[in-house]
Amino acid sequence: MKQGTTGADFVRDHLNPDKAPKVFAGDVELQAAVQAGQIDAGLTDVAIVLGKANESKGRLEVIGQYDTGESYGALYPKGSANASALDGAIEEMKKDGTLGELASTYLTKAFGGDPEAIPLWSAK
């Protein structure tokens, strides 16, 4: 897992490993440790690992993901007069499937795989 991340907190607080997991300074070190067989698996953002797996030419594979309660969002100035409209538009696109379609069309290409297609695991 990556040092100082909410993913590291998730592993500690929800997965309860038998042994203390190895912690790495960044994605490059984490990926290298997986490829070198120093660790069995690495845990970080799906968007990051999909890209790394794609770059690895088949040496790495994303096999699952956990629902950590985190999500990505839109960034706009605090107190923006547009906040309500933007929040409403994002919620509507979630409900009607537009965000899923956009993810499949654009994120799959950008990440090297569709984040929605990665199986969701339970931490329990």
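What you see is a predicted model; the values in this text were computed from it and never measured. (Residues numbered from 1 in each chain as written. Predicted model: local features only at pLDDT ≥ 70, side-chain atom pairs only at ≥ 80, totals over all residues. Heavy atoms only, no water.)

### A look at the nonpolar core
Threshold: Only buried residues count toward a nonpolar core, which is a set of Ala, Val, Leu, Ile, Met, Phe, Trp, Tyr and Cys residues joined through side-chain atoms within 4.5 Å. Burial classification: accessible surface area is computed with a 1.4 Å probe over protein chains only, and a residue below 20% of its type maximum counts as buried, one above 50% as exposed, and the rest as partly exposed. Any two residues having at least one pair of non-hydrogen atoms within 4.5 Å are treated as being in contact.
Formed by Val46, Val49, Leu50, Ala53, Leu60, Val62 and Ile118, the largest nonpolar core amounts to seven residues. In contact with Ile118, other than residues within four places in its own chain, are Val46, Leu50, Val62, Ile63, Gly64 and Gln65.

### Concerning the packing of aromatic side chains
So the rule is basically this: Two aromatic rings from Phe, Tyr or Trp, using only the six-membered ring of Trp, form a pair when their centres are within 6.5 Å; if the ring planes differ by under 30 degrees the pair is stacked, by over 60 it is edge-to-face, and anything between is tilted. Starting at the N terminus, helices and strands are each numbered in turn, a helix being any DSSP run of H or I of at least four residues and a strand any DSSP run of E of at least two.
Within the structure shown, the criterion is met by two aromatic pairs. For the ring pair Phe10 and Tyr66, a centre distance of 5.5 Å and an interplane angle of 50° mean the geometry is tilted. Taken together, the residues span a long stretch of sequence, with Phe10 in helix α1 (residues 6-15) and Tyr66 in strand β1 (residues 65-66) at a distance of 56 residues. Of the residues examined, Phe10 reaches a relative accessible area of 7% and is grouped as buried.

### Here's the deal with unusual backbone geometry
Phi angles above zero are rare outside glycine, and Asn16 is one such case at about 45°. When you line up the elements, Asn16 lands in the loop between α1 and α2 (27-35). Phi at Lys57 takes a positive value of approximately 55°, unusual for a residue other than glycine. Inspection of the secondary structure assignment puts Lys57 in the loop between α3 (46-55) and β1.

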